[in-house]
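Spelled out, the chains give:
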Amino acid sequence: MIRGTGIDIVDIQRIREWLNNTDLLKRYFSDDEISYVQSKGHHASASLAARFAAKEAFGKALGTGLRGIRLKDIEVVLDPNGKPELHLKGSALEALKQNGAGAVFLSLSHDSSLSIAQVIIEEASGG
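First, a word on scope: everything that follows refers to the structure included in this document. (Residues numbered from 1 in each chain as written. Predicted model: local features only at pLDDT ≥ 70, side-chain atom pairs only at ≥ 80, totals over all residues. Heavy atoms only, no water.)

## A look at the sheet that holds strand β4 (residues 101-110)
Strand order in the open sheet formed by three strands is β1-β5-β4, and the pairing between neighbours is antiparallel. Taken across any chain shown, the strands that pair with only one partner, and hence form the sheet edges, are β1 (2-11) and β4. Here the strands of the sheet are splayed against their neighbours by 15 degrees on average, with no regard to which way each runs. As defined by bridge partners, β4 adjoins strand β5 (residues 114-123) across eight bridges and the pair is classed as antiparallel. Directly across from His110, in β5, lies its bridge partner Ser115. Contacts between helix α4 (residues 44-62) and the sheet are confined to β1, β4 and β5, with β5 contributing the most and set at about 35 degrees to the helix. (Pairing = 2+ DSSP bridges. Helix = DSSP H or I, 4+ residues; strand = E, 2+ residues; numbered from the N terminus. Axes fitted to C-alpha atoms, helices over the stretch in contact; angles between N-to-C directions. Contact = heavy atoms within 4.5 Å.)

As C-alpha cells, then:
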C-alpha cells in the first residue's frame, strides 16, 4: 500500500550557479552525487537540479518535510540499468523507519529549463 507520494520541480537556471560553490555542494550532496553531476558536462545543472528535487520530493512523500533530515543522508544513485534510486542513511533512514514506511521509488526527468522528481513510499511489510 502507498504510504506517501511527493513531487518537486526545480528551475535548472537557479541551480546552475551551485556548480561553482563547493561548500554548498558538499552541504547538500554526497561525494558520489557531486562526481556524477560534474561528469555530465553540459547537462550537469539539470542533473544537479533533479537530485535536489528528489531530496525535496522525499520529504513531501514522508509527509513531514525535511525537518531534522540532513540532505546528504538522501543520495540519488543509478542502478546498473541507469534507473534512479534513493539510498537513505542516518537521519533520512531514521525518518523513513519512524514513518512506518518500507520501499521507496524514485523517478526523475528534465527538459531545457526544469527538473522534476517524484517519490513514492510504500508501507513497510506487515504494517
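## Things to note about the packing of aromatic side chains
Throughout the structure, instances matching the rule amount to three aromatic pairs. Through successive ring pairs, a cluster of aromatic residues spans Trp18, Tyr28 and Phe52. Here the basic side chain of Arg27 rests over the ring of Tyr28, its NZ or CZ set 5.3 Å away from the ring centre. (Phe/Tyr/Trp six-rings, centres within 6.5 Å; stacked < 30°, edge-to-face > 60°. Lys NZ or Arg CZ within 6 Å of the ring centre and 35° of its normal.)

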